[in-house]
Amino acid sequence: INAEYMGDQANRMAACSAILALLVAAAAAGPAMRLIEFNESSRVWMSAAEVDQLVFSPTWHNFMDVTDAPAPIVNRAIRAEPFPTQPTQKVLVEQLVATIDTASMLRNLQTISSFFTRYYQSDTGVQAAEWVYSELISIKGARDDITVTLFRNTFKQPSVIARIEGAHDGPAGIVILGSHIDSVGASGTSQAPGADDDGSGTTCNLEAFRVIVEANIVLERSIEFHYYAAEEAGLLGSQAIANDYSNKGVDVYAMLQLDMTMYPGSSPAMSPITDFTSADLTAFLHILIDAYCAIGYTDSRCGYGCSDHASWYRTGVASAMPFETVFNQHNPYIHSARDVIDHLDLNHGKQFVILAIAHLVELGNTVPTTA
């Protein structure tokens, strides 16, 4: 038995001891307690009422509710495989983005923001997820290479996943585009139209799906479109899927999150997030923005667990997120009844649809080289 093996055994035992300690603490804390993670080294057991204070606070609090997965599912570095250094699919991407329809985007944004609230434990939150599912089914049509599923959770609101199968001999590793369905206001029963947070990202996600499906193309890699439940409650929906994929050994090449895409701030520019994201994938976003988008970019930091990309980052997947503006200029109306379409710019959102399509096609048709 070599020293490296012994070291691995010691690490496994230490990890098991840490998890056991968390389980013992949870039992002592009681069944209603939740394990809330504020950063990679700070965790606190909180009651459901205390968590609600975070969720409904007018002040932005970043946190992850890791009760169901107290340790990262895999303890490894972010994927080291390099991403492309230049676009290779410009003809196809430009053909696709020419079919983006802002009128279609407006209709979807009007519908998703018409629900009184999309709070993850509300009936209307469930109805919003079911509406997203029905839209995807309608766009899918009779294509048998596309599946649309409801991912059921331990809470009311399901997430939704649409998958377009890649070529049978294509490379391993799926490419994901994500957004979140839920919204939040001053309480679980108060009005929360969530037009920007995250009706805007969900609208862009739906439009990217429509454009690619209606073009009837098949990429080398399989691509998935995720619409997460309960992001506002500690990334519960995306954590459930990321952990499920990790447990099942699903190979994810890259994940891009769209969370708030239509409030341009004082100077319109995208803002790729640089903390708790893949540096390599973010660098590729810079390349895509320069190549395809009509606006530039200014990098920002958003803190730990600020959106669903963090769930994938936590499991070792290369993930990234472009934000609607530099982070300190974000929409001041979110998490209230005033997060409505009147404050948003669909043409600004269109740039995120362009970026999303470029992300899916450029990476979806990237075949890894062999040494």
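Definitions and limits used
Residues numbered from 1 in each chain as written. Predicted model: local features only at pLDDT ≥ 70, side-chain atom pairs only at ≥ 80, totals over all residues. Heavy atoms only, no water. Helix = DSSP H or I, 4+ residues; strand = E, 2+ residues; numbered from the N terminus. Buried < 20%, exposed > 50% of the residue type's maximum accessible area, 1.4 Å probe, protein only. Contact = heavy atoms within 4.5 Å. Areas by Shrake-Rupley, 256 points an atom, 1.4 Å probe, with all protein chains shown as cover. Phe/Tyr/Trp six-rings, centres within 6.5 Å; stacked < 30°, edge-to-face > 60°. Lys NZ or Arg CZ within 6 Å of the ring centre and 35° of its normal. Pairing = 2+ DSSP bridges. Axes fitted to C-alpha atoms, helices over the stretch in contact; angles between N-to-C directions. Salt bridge = Lys/Arg side-chain N within 4 Å of Asp/Glu carboxyl O. Expected span 1.5 Å × (residues − 1).

Points about the overall build of the chain
Phase 1 of the analysis: Secondary structure summary: the chain contains ten helices and eleven strands in total.
Phase 2 of the analysis: Per-residue burial for the chain yields a buried fraction of 55% across its 371 residues.
Phase 3 of the analysis: When contacts within the chain are restricted to residue pairs at least 6 apart in sequence, those whose partners lie at least 24 apart make up 81%.
Phase 4 of the analysis: Accessible surface, the chain: about 15300 Å² in total, of which carbon and sulfur atoms supply 53%.

Section: the packing of aromatic side chains
Phase 1 of the analysis: The final tally for this structure, using the stated rule, is nine aromatic pairs.
Phase 2 of the analysis: Taken together, a centroid distance of 5.1 Å and an interplanar angle of 50 degrees make the contact between Phe-83 and Tyr-253 tilted. Highlighted residues: Phe-83 in the loop between strand E3 (64-65) and helix H3 (90-97) and Tyr-253 in strand E8 (residues 252-257), separated in sequence by 170 residues. For the residue pair Phe-83 and Tyr-253, the accessibility class agrees, reading buried in each case.
Phase 3 of the analysis: Here the aromatic residues Phe-56, Tyr-119, Tyr-120 and Phe-155 are joined through ring pairs into a cluster of three or more.
Phase 4 of the analysis: Of note, Lys-90 hangs over the ring of Tyr-292, and the distance from its end group to the ring centre comes to 5.8 Å.
Phase 5 of the analysis: For Arg-221, the ring lying beneath its charged end belongs to Tyr-253, and the centroid distance is 3.7 Å.

Side note on the sheet that holds strand E1 (residues 34-39)
Phase 1 of the analysis: Here three strands make up an open sheet; going across it, the order is E2-E1-E3 and the pairing antiparallel. Every other strand in the sheet has two partners, leaving strand E2 (42-46) and E3 as the edge strands with one partner each.
Phase 2 of the analysis: Here E1 pairs with E2 via five bridges, running antiparallel. Counted as the bridge partner of Leu-35 is Trp-45 from E2.
Phase 3 of the analysis: Contacts from helix H2 (residues 48-55) reach E1 and E2 within the one sheet, and its direction differs from that of E2 by about 120 degrees.

Some points on the environment of Glu-232
Phase 1 of the analysis: Mapped onto the secondary structure, Glu-232 falls in the loop between strand E7 (223-228) and helix H7 (236-248).
Phase 2 of the analysis: Along the backbone, Glu-232 and Asp-197 are 35 residues apart, and their C-alpha atoms lie at a distance of 9.5 Å.
Phase 3 of the analysis: Excluding residues that lie within four positions of it along the chain, Glu-232 makes contacts with Val-55, Phe-63, His-180, Asp-182, Ser-183, Val-184, Asp-197 and His-335.

A look at the pattern of salt bridges
Phase 1 of the analysis: Counted under the stated rule, the structure contains eleven salt bridges.
Phase 2 of the analysis: A salt bridge links Lys-156 to Asp-123; the nearest nitrogen and oxygen atoms lie 2.9 Å apart. Pair noted here: Lys-156 is in the loop between strand E4 (146-151) and strand E5 (159-164) and Asp-123 is in helix H5 (residues 123-140), with a separation of 33 residues, a long-range link.
Phase 3 of the analysis: The partner of Lys-248 in a salt bridge is Asp-244, and the shortest N-O contact between them spans 3.2 Å. Separated by four residues within a single helix, Lys-248 and Asp-244 lie in helix H7, roughly one turn from each other.
Phase 4 of the analysis: Overall, the relative accessible area of 60% leaves Lys-248 in the exposed class.
Phase 5 of the analysis: Through salt bridges that share partners, Arg-34, Asp-65 and Asp-68 make up one connected network.

Examining H5
Phase 1 of the analysis: Under the 1.5 Å per step criterion, the end-to-end length of H5 is 26 Å for 18 residues, consistent within 8% with the ideal 26 Å.
Phase 2 of the analysis: Inspection of H5 places Gly-125, Val-126, Ala-128, Ala-129, Trp-131, Val-132, Leu-136, Ile-139 and Lys-140 among the buried residues, and these make up the whole buried set.
Phase 3 of the analysis: Its buried side turned inward, H5 meets helix H4 (102-112), E4, E5, helix H6 (195-214) and E7.
Phase 4 of the analysis: The first or second residue beyond H5 is Gly-141, which carries a positive phi of 65 degrees.

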